[in-house]
Amino acid sequence: MEVPSLHPDTIKEVKAKADIYEIVSSYVVLKKQGRDFQGLCPFHQERSPSFTVSPSKQMYYCFGCQAGGNAVKFLMEVNKRSFSEVILDLAGQYQVAVRTLAPEKRQELQRQLTEREQLLEIVAVAANFYQHALQQPAGQAALAYLQTKRQLSIETIRSFQLGYAPDSWETLSQYLTEAKKFPAKLVELAGLIIPRKEGSGYFDRFRHRLMLPIFNSRGQIIGFGGRSLGDEQPKYLNSPETPLFDKGKTLYGLDRAAAGIKQNDRAVVVEGYFDVIALHTAGITEAVASLGTALSNYQIKQLLKLTPAKQIILNFDADRAGKLATEKAIEEVADLAYQGQIQLRVLNLPAGKDADEFLIENSSAAYQDLLTQAPLWLDWQLDRAIIGANLQDPQGYQQAMAKSVDMLVQITDAATRTHYREKAAQMLCGGDVREVSLVRENLITAINRQEKAIRKPSDVPIEVEYSTAQPADAVPHTSLSLPEQRRVEQAEIVLLRLYLHYPEYRLVIIEAMEESDVIFSLPHHRFIWQKIVDACQQGTIDYSDPQLIGYLQDLHGTHSQEMGRVNHLFHLNERTAQEILRSPLVIRAAVACLAKVAWEKQRSDYLTLWQNPAMAPERRQQYYELFYEAQRRLQAIDKQRLFSIADLTIGEV
């Protein structure tokens, strides 16, 4: 319906009351950055946050796509709605009296505004009807179910305004339309009655069901959930979509849980109505529930703006449906979770119980302990990928490996990826610690291959791991001889000097290292490379920026020890500057040196494993093939090398 022209005073008051942070945070996960907030832009795809919200200016701006404006413009753009529609919605949200320029249209506008108020009144009256019916003889079976099966007290039943829908076709319909004189069309619009297919009249949507009112964030009833008390299907029936009730944007219990989420700095998401009631009754007041559907992105963002730590714990049922619901919830926020913008945890209760069942048999403190110990979602994902797989079967092993790689490749933080890569290697080796090194190498190779398949040429450079990579806190190449370590160090110094001082060769270096699956392995070289990668991914600098050295030298204040070990890379003398005269050859030789050392180590490891007589025959055959693959790679590298690494060390290192 067309919205009448609004009075300037109404528009002015709405703009004054509409808070940019409150509005944007319903759509974007925002983190405090100084006086402002930052998050991922909702108007274009990005991996590093470039979207800024300024409460002091009441403005938003994206440095990536240049979108910007105030709260009204944001809602117009994100929801594709007109200016007047947004102002009208905000007027209702902030309780601003609406005036129009055309007096003759005020009646129609008032009708639109009062329709919602009438619907709220209808569902409130219906809730009272259901509560009264629960106390009548016909509702005794439902009351007994609540007190015996669910072990709820009368106080709890009253607090959550639980009720009963009588086992009849039109008791509520007649009560609302005849006794209370509500228009039948409005009662239908509220989702409480359904028109008959044949003849005239209506029948009740909810019949012989335990009724649970659903509240909005302001504590107003907007719909119902009805649980069957017999064999009726479905077991749970929700109100349909109405002007009041949007299932995908509503969380059961959020009106009560908001304060608890803020106080405990976490939200607990469970699967059912009675899980929420049981948890709140037990004093765990940060619990909410999705309404029979997968947790939506909108619902998650509702929760995130209430918890500064961005901590959400998913406690869905342990059955197949619950596991699928958990996976779907993770999919909704995968990008945010992989980037560490959400502290997402998954709690599976013992013996496959739900929260309601668990609390009937255990104390609130026991549940609180499990919440505290709930594993991060990445641990849950990795367990799902590997535990239960038949690792002795080649197909089962490959499936577990593939699922692990799919998860690991999404992790952008280097330290986090290293941690979970090591955990995956430990799990995939099936307890045989002798195979951890090989499994780790296979994981790294598979990750690199998958990253190269999905990476675009224009992407900013990101760190590429290679087969001899070790945890960040380990001393690399402890199994290498001193001459080999020296060769690696010399090659890495050459590549870093060229990268830092000559921007025109940076892409050449990146591509050469990706092609050979190598990275900088010495700790101080890995440190400076990771700082470059982080700055590029965050948009602080561009990979071709000639001011890169100046940016890195500013790190001396916060990383003086690490920067002291790489300070020599920032300066060239006459001899070291000569390297640029043959940079393409230098790059090829340096990368080939790193690859040669890596493949020599792999060949040695494969040979040792192949010669182990206790190894299963099929595994020995696998190592035999890998050994000769490493041998072939080394022969190819030797053919490509035009001169040795010793030829590159023309300056002091």
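Caption draft 1: Layout of the overall build of the chain. Each helix and strand counted, the chain has 28 helices and 15 strands in total. Going through the 653 residues of the chain one by one, you find that 49% of them count as buried. Here the chain displays about 31000 Å² of accessible surface, and carbon together with sulfur accounts for 49% of that area.

Caption draft 2: Summary view of the confidence of the model for the chain. Summary statistics for the chain give a mean pLDDT of 82 and a share of 87% for residues scoring 70 or more. Counted against residues more than four places away or in other chains, residues 455-479, with its pLDDT under 50, gives 69 contacts. Across residues 642-653 the pLDDT falls below 50, and counting only partners more than four positions away or on other chains, this stretch makes 29 contacts in the model.

Caption draft 3: The nonpolar core, seen in detail. Residues Y130, L146, L176, L192, F224, Y252 and Y367 are the most contacted members of the largest nonpolar core, which totals 63 residues. Of all the elements, helix α5 (residues 106-134) adds the most residues to this core, at 11 residues. Once residues lying within four places of it in the same chain are set aside, the contact partners of Y130 are G163, Y164, A165, L172, L192, F206, M211 and F224. Membership of the second largest hydrophobic core comes to 54 residues, among which are A257, I342, V405 and Y420.

Caption draft 4: Structural context of empty space enclosed by the protein. Enumeration according to the criterion identifies 2 cavities of 30 Å³ or more in this entry. Within this model, the second largest cavity holds a volume of roughly 30 Å³. Lining the second largest cavity, in full, are Y397, E435, L438, V439, N442, R619, Q622 and Y623. Listed by contribution, the elements that provide at least two residues to the lining of the second largest cavity are α20 (436-454) and α28 (617-640). Per-class residue counts for the lining of the second largest cavity are 4 nonpolar, 2 polar and 2 charged.

Caption draft 5: Structural detail: helix α6 (residues 140-149). Residues A142, L143, Y145 and L146 constitute the buried set of α6. Buried residues of α6 fall within an arc of 155 degrees about the axis and therefore sit on the same side. Residues of α6 that are exposed and point over 90 degrees away from its buried face: A141, T148 and K149. Where α6 ends, the next residue or the one after it, Q151, has phi of about 55 degrees, a positive value.

Caption draft 6: Examining the pairing of strand β4 (residues 59-62) more closely. Of the two faces of β4, the one holding Y60 and C62 is buried and the one holding M59 and Y61 is not buried anywhere. Alignment of strand β3 (residues 51-54) against β4, held across 4 bridges, turns out to be antiparallel. Bridge assignment links V53 to a residue of β4, and that residue is Y60. Hairpin connection of β3 to β4: 4 residues between the antiparallel strands, including Q58 at a positive phi of 55 degrees. Judged from the 2 bridges that link them, β4 and strand β5 (residues 68-69) form a sheet pairing that is antiparallel. Each bridged residue has a counterpart across the sheet, and for Y60 the counterpart in β5 is G69. Between β4 and β5, which pair antiparallel and follow one another directly, the connecting turn spans 5 residues, one of which, Q66, has a positive phi of 65 degrees.

Caption draft 7: Inspection of the sheet that holds strand β2 (residues 36-39) at higher detail. Taken in spatial order, the 5 strands make up an open sheet running β1-β2-β3-β4-β5, and their pairing is antiparallel. Of all strands in the sheet, those bounded by a partner on one side alone are β1 (31-33) and β5. In the packing of helix α3 (residues 71-79) onto the sheet, the strands contacted are β3, β4 and β5, and the crossing angle to β4 comes to about 50 degrees.

Caption draft 8: Spatial organisation of the environment of Y27. Within the secondary structure, Y27 sits in the loop between α2 (20-24) and β1. Spatially, the C-alpha atoms of Y27 and P42 are 7.7 Å apart, while their sequence positions differ by 15 residues. In this view, Y27 contacts F74, L75, V78, N79 and K301; residues no more than four positions away in its chain are not counted.

Caption draft 9: Summary view of the sheet that holds strand β15 (residues 343-346). One open sheet holds the 4 strands; their spatial order is β13-β12-β14-β15, and the pairing between them is parallel. Each edge of the open sheet is held by one strand with a lone partner, namely β13 (287-289) and β15. Across this sheet, the average inter-strand angle for adjacent strands is 25 degrees, counted without regard to direction. Of the strand pairs in this sheet, strand β12 (residues 267-270) and β13 are connected by 3 bridges, and their pairing is parallel. In the strand pairing of β13, V268 is matched with A287.

Caption draft 10: View of the packing of α3 against helix α4 (residues 83-93). Contact pair α3 / α4: the axes reach a minimum separation of 9 Å and the direction vectors enclose 115 degrees. As for the relative orientation of α3 and α4, their crossing is right-handed in sense. In this structure, α3 contributes V72, L75 and M76 to the contact, and α4 contributes F83, V86, I87 and L90. Classifying every residue of the contact of α3 with α4 gives 7 nonpolar, no polar and no charged.

Caption draft 11: Structural context of the environment of L594. Of note, L594 is situated in helix α27 (residues 583-610). Given a relative accessible area of 1%, L594 falls into the buried group. Taking C-alpha positions, L594 is 9.7 Å from Q490, a pair spaced 104 residues apart along the chain.

Caption draft 12: Local environment of the side chain of N216. By secondary structure assignment, the location of N216 is in the loop between β9 (209-215) and β10 (221-228). When near neighbours in sequence (up to four residues on either side) are disregarded, N216 contacts R116, I222 and D255.

Caption draft 13: Geometry of the pairing of β12. Burial along β12 is two-sided: A267 and V269 and V268 and V270, pointing in opposite directions, are all buried. Two elements, β12 and strand β14 (residues 311-315), share 4 bridges in a ladder whose sense is parallel. Paired with V269 across the two strands is L314, which belongs to β14.

Caption draft 14: Up close: the packing of aromatic side chains. Taken as a whole and assessed by the stated rule, the structure comprises 21 aromatic pairs. Between Y61 and F63, the ring centres sit 5.0 Å apart and the planes meet at 85 degrees, which makes this aromatic pair edge-to-face. You can call Y61 partly exposed: its relative accessible area is 35%. For F63, a relative accessible area of 59% puts it in the exposed group. Through a chain of ring-to-ring contacts, the aromatic side chains of Y27, F43, F51, Y60, F74 and Y298 assemble into a single cluster.

Cut-offs and rules
Residues numbered from 1 in each chain as written. Predicted model: local features only at pLDDT ≥ 70, side-chain atom pairs only at ≥ 80, totals over all residues. Heavy atoms only, no water. Helix = DSSP H or I, 4+ residues; strand = E, 2+ residues; numbered from the N terminus. Buried < 20%, exposed > 50% of the residue type's maximum accessible area, 1.4 Å probe, protein only. Areas by Shrake-Rupley, 256 points an atom, 1.4 Å probe, with all protein chains shown as cover. pLDDT = per-residue confidence, 0-100. Contact = heavy atoms within 4.5 Å. Core = buried A, V, L, I, M, F, W, Y, C linked by side-chain atoms within 4.5 Å. 1 Å grid on protein atoms, 1.4 Å probe; cavity = no way out; pocket = protein on both sides within 12 Å on 5 of 7 lines; lining within 4 Å. Points joined across faces, edges and corners; volume = space filled by probe spheres on them. Nonpolar A, V, L, I, M, F, W, Y, C, P; charged D, E, K, R; others polar. Arc of directions from axis to C-beta. Pairing = 2+ DSSP bridges. Axes fitted to C-alpha atoms, helices over the stretch in contact; angles between N-to-C directions. Left-handed = near helix turned anticlockwise from the far one by under 90°. Phe/Tyr/Trp six-rings, centres within 6.5 Å; stacked < 30°, edge-to-face > 60°.

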